[in-house]
Amino acid sequence: MANKRSGFSSRIGFVLAAAGSAVGLGNLWRFPYLAAQYGGGIFLLVYLILAVTFGFTLMITEIAIGRKTGLSAVGAYKQLDKRFGFLGALSSIVPIIIFPYYSVIGGWVIKYLFEFASGHMSDVSQDSYFTGFVGETFQPLFWFFLFIAVTAVIVLLGVEKGIEKASKFMMPVLAVLSLVLAVYAVTLPGAWDGVLYYITPDFSRFSANTLLAAMGQLFYSMSLAMGIMITYGSYMQKESDLEKSVTQIEIFDTGIAFIAGLMIIPAVFSFSSGNLEENLQTGPSLMFVTLPKVFETMGNSPLIGSVTGSLFFLLVFFAALTSSISLMETVVSILRDKFGWGRKLTCIIVAVGALLAGSLSSLGFGVLKDVQPLGMSFLDFFDFISNSVLMPIVALLTSIFIGWVTKTGIIVDEVKISSRFRREKLFNVVLRYVAPVFIIAILLSSVFSAFGWFGYEL
Ligand code: PHE
């Protein structure tokens, strides 16, 4: 290898950076609306059970692969078994696809932060504001470019000075902000019913779809099956306790998702006097259309809404930024491992590539809106290919590869370098038996639902 590998300076730096990757738009925006849509408490319960079994197993597997080989996904899989090099390549495609469109949404977030902070809340909360904005050509491109530029600067500074430092600052701020906003939201008039809906499991609403939706969300939220945790694992010190780190990342990720639900569901409940379903629409409209309206109606002075809205979008911005950093770093690290390029050159190449690819997603709501791959906008199309098709395939092949080809011993040994492996049995059973069956189910369901086959709708 041409490059000397840099790394995280401390275990806590690693945990915060990995949690930074995991905590993102998925937690703050996707989790709350899925929870609302799938019956509140029951979704929460299913998600928690999956997180401590399935999420734990896949995450520790990926981080251990990274730390064991000291390589990013392509090299790592190849080193474990030549025949599985393709799996590394496959998983590397995922961040390459996600990074550009994720940054487009990141750009929207900066734009909203800017508008709220500069006192334009009443414009932003108009019904057609969001569609008008994303339909323009230059505005969304401008904010998207800005988002990529900020990400690129941090990645350019390197693992320790850029990523670790940025995460150590942003993650604690993010945790505090979300707590403050959640406390505020649950004390709004009428919010308590929303809290109850959110935390009380209604078992009659449980179905296979609840399980599948929770599982899909888990992959996405924990940044699994896209080589990110392998790359971050490769920067981890050998003496850092792996199992404890994974537990902490999971608590952080799930905790923020839970708090995001507490922040958003009761607020929307209070705003819509109980008419939850209608106001918790899926898609970007929740964050960019409904929430600004909720902020606007808060308190008896516009200042309250403006401040709450600004804090909220600042929180979302930090969450999106630490995730996009991990996406970009993963792509950069794959290219550097492969071609031995310097960090600077690689960052420039990746940033330019992302600008080009992301422009397609950005313009897909405006001048390119009639070009609809598979009947979707470019952004939805890239999201579908990566999350619903590629990620489950990578996760499936990884569980088969480690569970049955190399055997789980290689992960167990790696974990034991730094500590006891307390959940070794659970890990073995889940990786070898439970994971493959479940993932096949997700894969089939996501493909069926996308094409509307058999009248199937998730
Ligand atoms: N885990 C991130 C989230 O919850 C999403 C993400 C996906 C981040 C892919 C990086 C890469 O939003």
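Small disclaimer: the values here were computed from a predicted structure and weren't measured.

**Some words on a nonpolar patch on the surface**
Right, on to step 1. A contiguous nonpolar patch, built from Ile400, Trp404, Val405, Val429 and Tyr433 and spanning about 440 Å² of accessible area, is present on the exposed surface.
Right, on to step 2. Per-element tally for the nonpolar patch: the top contributor is helix α18 (residues 378–405), with three residues.
Right, on to step 3. In this fold, Trp404 is placed in helix α18.

**Some words on the confidence of the model for the chain**
Right, on to step 1. For the chain, per-residue confidence averages 90 on the pLDDT scale, and 95% of positions sit at 70 or higher.
Right, on to step 2. Of all secondary-structure elements in the chain, the lowest mean pLDDT belongs to helix α14 (residues 276–279), at 64, while helix α8 (residues 138–156) reaches the highest, 97.
Right, on to step 3. Across residues 454–458, confidence stays below pLDDT 50; counting only partners more than four residues off in sequence or on other chains, it has 13 contacts.

**Observations regarding the site of the ligand**
Right, on to step 1. For the ligand, the set of nearby residues contains 15 residues, the closest of which are Ala22, Leu25, Gly26, Asn27 and Tyr220.
Right, on to step 2. Ala22 is positioned such that a nitrogen or oxygen atom in its backbone is 2.9 Å from an oxygen atom of the ligand.
Right, on to step 3. One nitrogen or oxygen atom from the main chain of Gly26 is found 2.6 Å from an oxygen atom belonging to the ligand.
Right, on to step 4. Contact with the protein chains removes 100% of the 320 Å² of surface that the ligand exposes when unbound.
Right, on to step 5. Secondary structure elements with two or more residues in the shell around the ligand: α1 (11–22), α2 (25–37), α5 (85–117), α11 (208–221) and α16 (302–339).

**A word on the packing of aromatic side chains**
Right, on to step 1. Enumeration according to the criterion identifies 38 aromatic pairs in this entry.
Right, on to step 2. Ring geometry for Trp29 versus Tyr33: centroids 5.7 Å apart, planes at 70 degrees, classification edge-to-face. With Trp29 and Tyr33 both in helix α2 and four residues apart, this pair spans about one turn of that helix.
Right, on to step 3. Looking at Trp29, the relative accessible area reads 16%, which means it is buried.
Right, on to step 4. Given a relative accessible area of 9%, Tyr33 falls into the buried group.
Right, on to step 5. When the centroid spacing of 5.5 Å and the interplanar angle of 45 degrees are considered together, the rings of Tyr112 and Phe313 count as tilted. Of this pair, Tyr112 sits in helix α5 while Phe313 is found in helix α16, placing the two residues 201 residues apart along the sequence.

**Regarding the pattern of salt bridges**
Right, on to step 1. In this structure the tally under the stated criterion is eleven salt bridges.
Right, on to step 2. Among the ionic pairs, Arg423 bridges to Glu243, the shortest N-O distance being 3.2 Å. Pair noted here: Arg423 is in the loop between α19 (409–418) and α20 (424–451) and Glu243 is in helix α13 (residues 242–271), with a separation of 180 residues, a long-range link.
Right, on to step 3. Under the relative-accessibility criterion, Arg423 is labelled partly exposed at 27%.
Right, on to step 4. Looking at Glu243, the relative accessible area reads 0%, which means it is buried.
Right, on to step 5. Ionic pairing is found between Glu329 and Arg343, a salt bridge with its closest N-O pair at 3.0 Å. With a gap of 14 residues between them, Glu329 in helix α16 and Arg343 in helix α17 (residues 343–363) connect regions that are remote in the sequence. One exposure class covers both Glu329 and Arg343, and it is buried.

**Here's the deal with α5**
Right, on to step 1. With 33 residues, α5 extends 48 Å between its outermost C-alpha atoms, agreeing within 8% with the 48 Å of an ideal straight helix rising 1.5 Å per residue.
Right, on to step 2. For α5, the principal kink sits at Phe99 and spans about 30 degrees; a proline, Pro100, occurs within the next four residues.
Right, on to step 3. Buried residues dominate α5, accounting for 27 of its 33 residues.
Right, on to step 4. Directly after α5, the chain includes Gly119, whose backbone phi takes a positive value near 80 degrees.

**Quick look at the nonpolar core**
Right, on to step 1. Core analysis: the largest hydrophobic core is formed by 164 residues, its most contacted members being Phe219, Phe312 and Phe313.
Right, on to step 2. No other element matches the 16 residues that α5 contributes to this core.

**What about the environment of Leu179?**
Right, on to step 1. Relative to the assigned elements, Leu179 resides in helix α9 (residues 159–186).
Right, on to step 2. Residue classification places Leu179 among the partly exposed positions, given a relative accessible area of 47%.
Right, on to step 3. For the pair Leu179 and Leu262, spaced 83 residues apart in sequence, the C-alpha separation works out to 9.3 Å.

**Considerations on the environment of Ala191**
Right, on to step 1. Structurally, Ala191 can be placed in the loop between α9 and α10 (192–199).
Right, on to step 2. Separated by 71 residues in sequence, Ala191 and Leu262 place their C-alpha atoms 9.6 Å apart.
Right, on to step 3. When residues no more than four places from it in sequence are discounted, the contact partners of Ala191 are Ala185, Val186, Pro266 and Ser270.

**Looking at the environment of Thr137**
Right, on to step 1. Examined against the element boundaries, Thr137 turns out to sit in the loop between α7 (129–135) and α8.
Right, on to step 2. Along the sequence, Thr137 and Gly366 sit 229 residues apart, while their C-alpha atoms lie 6.3 Å from each other.
Right, on to step 3. Dropping the residues within four chain positions of it, Thr137 is found in contact with Leu363 and Val367.

**Describing unusual backbone geometry**
Right, on to step 1. At Ser223, a position not held by glycine, the phi torsion is positive, near 55 degrees.
Right, on to step 2. The topology assignment puts Ser223 in the loop between α11 and α12 (228–234).

Cut-offs and rules
Residues numbered from 1 in each chain as written. Predicted model: local features only at pLDDT ≥ 70, side-chain atom pairs only at ≥ 80, totals over all residues. Heavy atoms only, no water. Patch = residues over 30% accessible without salt bridge, like charges linked within 9 Å, V, L, I, M, F, W, Y side chains within 5 Å. Areas by Shrake-Rupley, 256 points an atom, 1.4 Å probe, with all protein chains shown as cover. Salt bridge = Lys/Arg side-chain N within 4 Å of Asp/Glu carboxyl O. Helix = DSSP H or I, 4+ residues; strand = E, 2+ residues; numbered from the N terminus. pLDDT = per-residue confidence, 0-100. Contact = heavy atoms within 4.5 Å. Near = heavy atom within 4 Å. Polar contact = N/O pair within 3.5 Å; in protein donor to acceptor, adjacent residues only side chain to side chain. Phe/Tyr/Trp six-rings, centres within 6.5 Å; stacked < 30°, edge-to-face > 60°. Buried < 20%, exposed > 50% of the residue type's maximum accessible area, 1.4 Å probe, protein only. Expected span 1.5 Å × (residues − 1). Bend = angle between axes of the 7 residues up to and from the residue. Core = buried A, V, L, I, M, F, W, Y, C linked by side-chain atoms within 4.5 Å.

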